[in-house]
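A structural walkthrough
Given next are the chains, with one letter for each unit.
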Amino acid sequence: MKTTAEVIIVGGGVVGNAAAYYLAKKGVDVLVLEADDSIGHGGSSRNGGGVRQSGRDVRELPYAIYGIKNLWPTLSEELGVDVEYHQGGNLRLGLEESHLDILRGQVERATSLGLDVKMVDAKEVQEICPYLSDRIVGASWCPTDGHANPMKTTLAFYKRARELGVTFISGEKVVELKKQKGKIRKVMTENGNTYEGETVILAAGYESRKIAQTVGIDIPMTPFFEACLVTEMQPPMFDIMLGVATAEIYGHQCDHGSFVFGSGTGLEATLEPKLDDLRISALDVSANCRAIMKYVPMLKDAKIVRSWGGWMDITHDHVPVISKVSEVPGLILACGMSGHGFGTGPAVGLMLSQMVLDEPLICDSTPLRYDRFKSDR
Amino acid sequence: MVKVNDRMRDIGEFIPAKDDDILICRCEEITKGEIRRAVHDGIFTMEEMRRYLRNGMGLCQGQTCGKLVKNIMAKELKISPLELEPETSRAPMRPIEMEIYAKDGGNV
């Protein structure tokens, strides 16, 4: 079994796999280690599939926009798997005036950064999507947002990277990093195996925290649970991504006809952070159904066939860490995706490949540094 | 059980077979050939297969095809079916309408 490579990527999620693909495409020798039996076992398969710019932080927008303009449109062809990308736009719905205030604030911030997003009234909402509740009083509308299939996208990057010669080893849980002569070098696993590389990309979700701590780096983040559900197949209704001002739910209709929604009970903050426990709460699906019916009442007879969930890695300021580490040359962090990892996955993957090769980045990564977290006291 | 799995290991080439058109997952209409081909795309676990092809993700949630898929994958991977972890079952046990599922006494 191969144990050395120019670049070792810890984490076989959408970010790790995308980085592996873009590196392999540039001829770099890559090895990916995934802790679980399955590739894409974490948050990459446990989200509602949004490919959005609206609602993103100023620091994330440049690469979110870059991905939507330059990577997503041709991704299916490039990877040889239909990732079900649709750029149908994103409506964020409000049911009362206070919701519209939240949306207006978001629209103002996004337009100041050049994003094409605006407020629409109840009538315009019905014109964009006639299947929504007539109780909706307004929404924000971003026509260039969309959605894709997160599970297929993650596996598509994996498949293509593997075809290009990237070595993937699953069932290898990384527990420790080691420096040699002041530079990153060794990656040790729970099974007692050691891998060696010139560069190590740490893209292991919340689990990245413990691993980074072994070389003296701590990234302030919290695990946060999110549940998803899927309905049986429905007749084709709409192509848009749906969100709501209160962030109770978000989702879309898939190519398959089923509706996928992500949500929560509102009680997540009290959960014990058991990262191996991926069971959802008994309250989750019921709460999600109530929230969905508020906005899309005609789905009331749609049957739920499955529910699932997983842990996100939320940083202190809800913005990812994508950064080289001054104290540990050769180590690159790509974690704390804060629930935004899927839609920006391809762009982050490309950016990581540029960091490894010291190429110009698609955008300035300084605001995404790991050492930006300071006490405000 | 989590075990080390080198995805670069040689499992041979995909060889088309006469029975590749047989429907294995009837809910989502996935054929034997699609499953066999996916193994050669690098899809080595039951969990990955469901995400890649949607097999076992329809109304019966794999209660009909789960064992068939496992055997096809094991044969293609040249391992015993016992080495493949079964897929995870999830709530609800039977498909339930949203309007009914919503009635758990929570806030409305």
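As a starting point, this report considers the structure included with it. A quick note: this is a predicted structure, and the numbers were derived from the prediction, not measured.

Things to note about unusual backbone geometry
Residues and elements named next belong to chain B. A cis geometry characterises the amide bond from Ala91 onward to Pro92, with omega recorded as -5 degrees. The residue Pro92 is located in the loop between helix 3 (66-77) and strand 4 (96-97) in this model. Although it is not a glycine, Glu29 adopts a positive phi angle of roughly 55 degrees. Turning to its location among the elements, Glu29 is positioned in the loop between strand 2 (23-25) and strand 3 (30-31). The exposure class of Glu29 is exposed, given the 12 C-beta atoms found within 10 Å. The backbone of Lys78 sits at a positive phi, close to 60 degrees, despite the residue not being glycine. Within the element layout of this structure, Lys78 appears in the loop between helix 3 and strand 4. On the neighbour-count criterion, Lys78 (10 C-beta atoms within 10 Å) is exposed.

A word on helix 2 (residues 61-71) of chain A
Residue and element names in this part refer to chain A. Most of helix 2 sits out of view: 9 of its 11 residues are buried. For helix 2, the full list of buried residues reads Leu61, Pro62, Tyr63, Ala64, Ile65, Tyr66, Gly67, Ile68 and Leu71. Contact partners of the buried residues in helix 2: strand 3 (50-51), helix 3 (75-79) and helix 9 (341-356).

Describing the sheet that holds strand 15 (residues 259-263) of chain A
Two modes of strand pairing occur in sheets, parallel and antiparallel, and in both the strands are linked by backbone hydrogen bonds. Read across the sheet, 9 strands follow the order 5(A)-6(A)-4(A)-13(A)-14(A)-15(A)-12(A)-16(A)-4(B) without closing on themselves; strand pairing throughout is mixed. The open sheet has two free edges, formed respectively by strand 5 (118-121) of chain A together with strand 4 of chain B, since each of these has just one partner strand. When strand 16 (residues 303-315) of chain A meets strand 4 of chain B, the two strands line up antiparallel, connected through 2 bridges. What sits directly across from Lys303(A), in strand 4 of chain B, is Glu97(B). Taken strand by strand, helix 4 (residues 97-111) of chain A contacts strand 4 (90-94), strand 5 and strand 6 (138-142) of chain A, and its axis lies near 20 degrees from that of strand 6 of chain A.

Thoughts on the interface of chain A and chain B
At the interface, 41 residues of chain A touch 33 residues of chain B. Going through the elements one at a time, helix 6 (150-163), strand 8 (167-170), helix 8 (284-295) and strand 16 of chain A are the ones with two or more residues in the side of chain A that touches chain B. Take the side of chain A that touches chain B: its biggest share by element is 7 residues, from helix 8 of chain A. Relative to strand 1 (residues 5-6) of chain B, strand 8 of chain A runs antiparallel, the two being bridged by 2 bridges. Opposite Ile169(A), over in strand 1 of chain B, you have Asp6(B) as the bridge partner.

Reading the values: rules and limits
Residues numbered from 1 in each chain as written. Chains lettered and ligands numbered in written order. Predicted model: local features only at pLDDT ≥ 70, side-chain atom pairs only at ≥ 80, totals over all residues. Helix = DSSP H or I, 4+ residues; strand = E, 2+ residues; numbered from the N terminus. Buried ≥ 20, exposed ≤ 12 C-beta atoms within 10 Å, placed from the backbone. Contact = placed C-beta atoms within 7 Å. Pairing = 2+ DSSP bridges. Axes fitted to C-alpha atoms, helices over the stretch in contact; angles between N-to-C directions.

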